[in-house]
Amino acid sequence: MKLPRTTRLRAAAAGSLALAGALVLGACGSDDNTGGAASTGGGAQAAAGDVQCAGSGELLASGSSAQKNAVDQWVADFQSACPDITVNYKATGSGAGIQEFLQGKTGFAGSDSALKPEEVQASKKVCKDGEAINIPMLGGPIAIGYNVDGVDDLVLDADVVGQIFGGSITTWNDPAIADLNPDADLPDTKIQPVHRSDESGTTDNFTQYLAAAAQDTWPHEPGKKWPVQGGQAADGSSGVSSQVTQTDGAISYFELSYATASDIDTVKLDTGASEPVEATSENASKAIAAAKVTGTGKDLAMKLDYTTDSAGAYPLTLLTYEIACDTGNNRDNLDKVKSFLGYTASEAGQSKLSQLGYAPLPAEIAGKVRTTVESLS
């Protein structure tokens, strides 16, 4: 007998939390993983657990809306330990966050895709004698959430997802969907795809997945801007997920925590593995563990395999990077950036993620991230 959705979510969260413990316990480094520099701006100096407070005043940051739920938790915990620092993170979307960082308006940016070469080049104007680097901080599955009355268990493959979002499959009882769901009572409801209206790293990752795994049905180039004309659109992960809850027949893509928070049903992906793969933190971690570091020097940009058919690996997964200067960071922000990012990369910060629907960094990558944050200057 199928468990109620709320029971399944609790079970998935419990399993993900256990995995997070296994990942972070193997992380490298000493008890002081933040590498906070001696403060130049006053404020608390003593470490509180994995929080090393250095600096004072406001730290402005913006970018990825996919990581907002994690950042909200991190900020609350960090400011409890470091009351002299106020972190103000605005979930403007990855594209807008990078632009604000390149304009020198923020201490760091959040992005769900690595910097483009032209963005790295532009960063040399704001990073004195240095350049911006990608610092991975969390992962997570991009859930494909849907609202179809009477259907709470749905399997799709990449080709069908591409046809749905490309507009060639228009009703929920289409034969291509029915073939993948022989036991489902699919209605003839019109499919209402919803995409991001803003430039988004989530869109970039979603379209990269389709470009790699649905080459026969998705002819568009990947990017932060949605490539298909028409359809419904909303701003941010919160906007598209809200649209799904309000619209019968709707389907969209957003970070798993938004599906969990709003109790939205999510698609299982037929990847060619023996069983369809559910969007969970644990399954995303299996995909992230196989990712390769492609950046050089201090840059930790990574490449995911969107076509994996490994058992239990959920391929539609993103990595969120924090973007900062390797050298030449604004002196007023440096201590605060290192303190906050040092906490988010610490064992304590990473251990918060799975219960929020995110995937913590694999231990080897987490160790590299701590070293990189410590080296910021």
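If you're wondering where the values come from, they're calculated on a predicted model, not measured in any experiment.

Caption draft 1: Here's a closer look at the pairing of strand β6 (residues 132–146). Burial analysis of β6 places 15 of its 15 residues in the buried class, which makes it a mostly covered element. Bridge count between β6 and strand β15 (residues 317–325): nine bridges; the pairing is antiparallel. Residue pairing across strands places proline 141 opposite threonine 317, the latter belonging to β15. Relative to strand β10 (residues 250–255), β6 runs antiparallel, the two sharing five bridges. Residue isoleucine 142 lies in a different strand from β10, and its bridge partner there is glutamate 255.

Caption draft 2: Fine view of the packing of helix α5 (residues 158–166) against helix α7 (residues 201–213). Two elements in contact, α5 and α7, have axes whose closest approach is 9 Å; the angle formed by their N-to-C orientations is 125°. Of the possible angle classes, the one that applies to α5 and α7 is oblique. Handedness of the α5/α7 crossing: left-handed. Here Ala158, Asp159, Val161, Gly162 and Phe165 of α5 come into contact with α7, specifically with Phe206, Tyr209, Leu210 and Ala213.

Caption draft 3: Local environment of the side chain of aspartate 299. Mapped onto the secondary structure, aspartate 299 falls in the loop between β13 (292–293) and β14 (302–303). One buried charged side chain, aspartate 299, makes no salt bridge at all; its nearest oppositely charged neighbour is lysine 298, positioned 12 Å away. A distance of 2.8 Å separates the side chain of aspartate 299 from the side chain of asparagine 134, its partner in a polar contact. Every residue in contact with aspartate 299, bar those within four places of it in the chain, is listed here: Ile133, Asn134 and Val293.

Scoring rules and cut-offs
Residues numbered from 1 in each chain as written. Predicted model: local features only at pLDDT ≥ 70, side-chain atom pairs only at ≥ 80, totals over all residues. Heavy atoms only, no water. Buried < 20%, exposed > 50% of the residue type's maximum accessible area, 1.4 Å probe, protein only. Helix = DSSP H or I, 4+ residues; strand = E, 2+ residues; numbered from the N terminus. Pairing = 2+ DSSP bridges. Axes fitted to C-alpha atoms, helices over the stretch in contact; angles between N-to-C directions. Parallel < 35°, antiparallel > 145°, perpendicular 65-115°, else oblique. Left-handed = near helix turned anticlockwise from the far one by under 90°. Contact = heavy atoms within 4.5 Å. Lys, Arg positive; Asp, Glu negative; His and termini not counted. Salt bridge = Lys/Arg side-chain N within 4 Å of Asp/Glu carboxyl O. Polar contact = N/O pair within 3.5 Å; in protein donor to acceptor, adjacent residues only side chain to side chain.

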